[in-house]
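These are the residues of each chain, in order.
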Amino acid sequence: MHNQLQMKAGNVPNIKTLNNVAVAYFEWGLQELSYQIWEQLYHEILNNPQNCQELLPVLNCNMGNMLRQSGHYEEASLMCQQGLKWCFAAGKTYAVPELIIQLAIIRLKTGDLDGARPLYSLGANLFQWSRQEETFYQSIEEMAEQDFLLYYR
């Protein structure tokens, strides 16, 4: 699979397509395969950043989701934090709400409720403002088990 992805991940449309395939695999229960695809794409972009760095936050969000759902909270937190850094470095904020909400959920899961609630409030508000959707009527506890996966458009 490594060589196949390397050959296909050379441009933005292919990276977007492979990410979307990995999201579909995740939703079908093939989480490990999804993570392998995201990880390969992530490293492929890091090794060839000239035209694709703006795609890293979505990969960080999806990889962070997988790590969070599998209980690897420290790694998930680092992945989401790195995603935020890439968002602001690239000037692309599409993944910011999901990354912040995931960081809030990670804090909740690790027992930092005081740190989780303001992050969750910020992430929920950013989501509503950026997506023009009223979807965050659930508490952070109710949202904690949900996936936050991003497709490329």
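Details of the structure are given in the entry above.
Residues numbered from 1 in each chain as written. Predicted model: local features only at pLDDT ≥ 70, side-chain atom pairs only at ≥ 80, totals over all residues. Heavy atoms only, no water.

1. Details of the packing of aromatic side chains
Piece 1. Applying the stated criterion across every chain yields a total of two aromatic pairs.
Piece 2. Note on phenylalanine 26 and tryptophan 38: the rings are 6.1 Å apart at their centroids and 35 degrees apart in plane angle, and the pair reads as tilted. Linking phenylalanine 26 in helix 2 (residues 12-27) with tryptophan 38 in helix 3 (residues 31-47), this pair joins segments that are twelve residues apart in sequence. In terms of burial, phenylalanine 26 and tryptophan 38 fall into one category: buried. (Phe/Tyr/Trp six-rings, centres within 6.5 Å; stacked < 30°, edge-to-face > 60°. Helix = DSSP H or I, 4+ residues; strand = E, 2+ residues; numbered from the N terminus. Buried < 20%, exposed > 50% of the residue type's maximum accessible area, 1.4 Å probe, protein only.)

2. Some points on the pattern of salt bridges
Piece 1. For the structure shown, the criterion picks out three salt bridges.
Piece 2. Glutamate 141 is paired through a salt bridge with arginine 117; the nearest N and O atoms lie 2.8 Å apart. With glutamate 141 in helix 8 (residues 140-143) and arginine 117 in helix 7 (residues 113-131), the pair connects residues that are 24 residues apart, well separated along the chain. (Salt bridge = Lys/Arg side-chain N within 4 Å of Asp/Glu carboxyl O.)

3. Concerning helix 2
Piece 1. Between its first and last C-alpha, helix 2 extends 23 Å over 16 residues, near the 22 Å set by a 1.5 Å rise per residue.
Piece 2. Among all positions of helix 2, only Val12, Ile15, Leu18, Asn19, Ala22, Val23, Ala24 and Phe26 are buried.
Piece 3. A positive backbone phi angle near 95 degrees is found at glycine 29, which sits one or two residues after helix 2. (Expected span 1.5 Å × (residues − 1).)

4. Observations regarding the environment of threonine 17
Piece 1. The topology assignment puts threonine 17 in helix 2.
Piece 2. Distance in space between the C-alpha atoms of threonine 17 and arginine 153 is 9.2 Å, their sequence separation being 136 residues.

5. Some remarks on the side chain of serine 77
Piece 1. Following the sequence through the fold, serine 77 ends up in helix 5 (residues 73-90).
Piece 2. Once residues lying within four places of it in the same chain are set aside, the contact partners of serine 77 are Leu103 and Ile106. (Contact = heavy atoms within 4.5 Å.)

6. Things to note about the nonpolar core
Piece 1. In terms of nonpolar packing, the biggest core is built from 36 residues, with Ile15, Trp38, Ile45, Leu55, Leu59 and Leu99 touching the most fellow members.
Piece 2. For this core, the secondary-structure elements that each account for two or more residues are helix 2, helix 3, helix 4 (56-69), helix 5 and helix 6 (96-109).
Piece 3. With seven residues, helix 4 is the largest single contributor of residues to this core.
Piece 4. Counting residues in each nonpolar core, the second largest holds ten residues, with Ala116, Ile140, Met143 and Phe148 among its members. (Core = buried A, V, L, I, M, F, W, Y, C linked by side-chain atoms within 4.5 Å.)

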